[in-house]
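Coordinates in review
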Amino acid sequence: MNRSSDVGKRQGSGTRATVVMILALSVFGLVGLQGPANADAPDLRSHRVGFGAGVDGGAAAATTWVTDCGDAASDPAPGTLRAALAVPGPRVVRWQQGCTTHLVAALNVPSGTTLDGSGQSVTLTGQNDEHDGVVIAHVSNVIVHDLTITDFGSPSLRAKNDPPNGINVIGSDGVWIDHNTFANVGNKQLAIMGGTTNVTVSWNRFVGDAYAAQFVQIGDVFDGQAVDSAQTVTSTHNLFAGLGYRTPAISYGTLHQFNDVVEGWTAYGVNCQRSAQCYLESDVFVGSGLKSGRVAVKYNAIGNGCNDFGKRCDDTWGAGTVVSPYVTARHTVIASSVATPACASPPVAPCSPLYGSGPATFTPTYPYSPEVAGAALRARVEAGAGAHVAPAW
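In this text, all values refer to a predicted model and were calculated from it rather than measured experimentally. (Residues numbered from 1 in each chain as written. Predicted model: local features only at pLDDT ≥ 70, side-chain atom pairs only at ≥ 80, totals over all residues. Heavy atoms only, no water.)

Overview of the confidence of the model for the protein
Worth spelling out the cut-off: Confidence scores here are pLDDT values: one per residue, from the predictor, ranging 0 to 100. Working rule for contacts: check all heavy atoms of both residues, and any pair within 4.5 Å makes them a contact.
Predicted confidence across the protein gives a mean pLDDT of 83, with 79% of residues reaching 70 or more. In this model residues 1-42 is a low-confidence stretch, pLDDT under 50, and it forms 60 contacts with partners more than four residues away in sequence or in other chains. Confidence over residues 336-358 falls short of pLDDT 50; this stretch has 53 contacts with residues more than four positions distant or in other chains.

Some details on the packing of aromatic side chains
Basically, it comes down to this: Here a Phe, Tyr or Trp ring, Trp counted by its six-membered ring, pairs with any other such ring whose centre lies within 6.5 Å, and the pair is stacked when the planes are under 30 degrees apart, edge-to-face when over 60, and tilted otherwise. Secondary structure elements follow DSSP: runs of H or I of four or more residues count as helices, runs of E of two or more count as strands, with numbering from the N terminus. Remark: exposure states derive from per-residue accessible area (1.4 Å probe, protein chains only) relative to the maximum for the residue type, with buried under 20%, exposed over 50%, and partly exposed in between.
Tallying each qualifying case throughout the model produces 11 aromatic pairs. Relative to Phe240, the ring of Phe206 has its centre 4.9 Å away and its plane inclined at 10°; by these criteria the two rings are stacked. Here Phe206, found in strand S16 (residues 205-207), pairs with Phe240, found in strand S19 (residues 239-241); they are 34 residues apart in sequence, far enough to count as distant. Under the relative-accessibility criterion, Phe206 is labelled buried at 0%. Residue class for Phe240 comes out buried when judged on its relative accessible area of 1%.

Some remarks on the nonpolar core
The condition that has to hold: Remark: nonpolar core denotes a set of buried residues (Ala, Val, Leu, Ile, Met, Phe, Trp, Tyr, Cys) joined through side-chain atoms within 4.5 Å.
Ranked by size, the top nonpolar core spans 52 residues in total, and within it Leu81, Trp95, Ile136, Ile167 and Leu190 carry the most contacts. When residues in this core are grouped by element, the largest group, 4 residues, is from strand S17 (residues 213-218). Once residues lying within four places of it in the same chain are set aside, the contact partners of Ile167 are Val134, Ile136, Val144, Ile149, Ile177, Phe182, Gln189, Leu190 and Ala191. Counting 10 residues, the second largest nonpolar core, distinct from the first, contains Val261, Val284, Ala373 and Val381.

Here's the deal with the state of the cysteines
Here is the idea: a disulfide is a covalent bond, and it sits between the sulfur atoms of two cysteines. Counted only if it meets this: The disulfide criterion is simple: two cysteine sulfur atoms within 2.5 Å.
Scanning all chains against the criterion turns up 3 disulfides. For Cys69, the disulfide goes to Cys99, at an S-S distance of 1.9 Å. Around the S-S axis, the bridge from Cys69 to Cys99 shows a dihedral of about -75° and counts as left-handed. You can see Cys69 sitting in the loop between strand S2 (62-66) and helix H4 (81-86) and its partner Cys99 sitting in strand S4 (residues 99-102), a full 30 residues away along the chain. Using a relative accessible area of 21% as the deciding quantity, one classes Cys69 as partly exposed. Residue class for Cys99 comes out buried when judged on its relative accessible area of 1%. Each sulfur in the disulfide pair Cys272 and Cys278 lies 2.2 Å from the other. A torsion of 100° about the S-S bond marks the disulfide between Cys272 and Cys278 as right-handed. In this structure Cys272 comes out as buried when scored by relative accessible area, which is 0%.

In structure tokens, the structure reads:
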């Protein structure tokens, strides 16, 4: 129902009373209103770029409004986010009010969905519960925009492989993660796994913590090369701020990273490992108090390349090209690690610190316009990345 046009056109007292009653019920979360096609979607979609540029998130669907900030794992109340996702068909979900919703279980997002928190302050939290936050599994065409994702699992248990992820994308196609803020997650703030393709991660704020946050993981030795080599991810204008690493780390797939800002890291910043191909362009790397060898970009897996349980191992180097980085701190280097690059045999020329096992064969072919990496870009991303800010685009 188009609330603004209906109220203006229908003059009968009975109709006005019905409209008032429905609006009142919606405020108390008793019904989920169906609005017109999302008026903000065309402007939002005009900023798509990269591998995920074709994602529209079911934008032709009517807007479903969240009017109740509660959650229930089964039989969710009308007006709640979980109830909105249970209705068949494409949907654009928006919020009528600011919400902090404690998800009592992982939130599974179906195909053809936009979650758009713009205009409100919307936070999804697990209150340190041991489950994932948002799960995008074996679906397609999903947008997640302008949400704060926080407190799933416990950062203090990260060294013990605390499993929850903030957003967990598994085996999906066509995903756009834009203008969100991530913090205080037990495992990965954003995980993209299981052969997921056509993903863009843009203008997000990844916040570090005292336990060295694991920001973004793309692919995994667990799924292996046969699955994850198909993965395609564009990462642009994201801010990685504070103590952490994996900005991102990628195994097997293809990564185009441009105009990201990485402010501080522990062992490394970007890791292009296990046969992954990376094109890293005009990124800003700002180290702070780093020890010698804490490299901005590396191409080999830590240790013997095994997963956390030592069950599957792959120490194959990745291959990447670094173009026009802005590097600002002592001991902050663009290199393939403290080890000597493992060049192909016979050698592939050139074999230099900018490559793992030879030059990357991937270069982006889709349209995009990278900005010059420097202090101005850093300031713009610092001001515009994350949720609940006016998009700087």
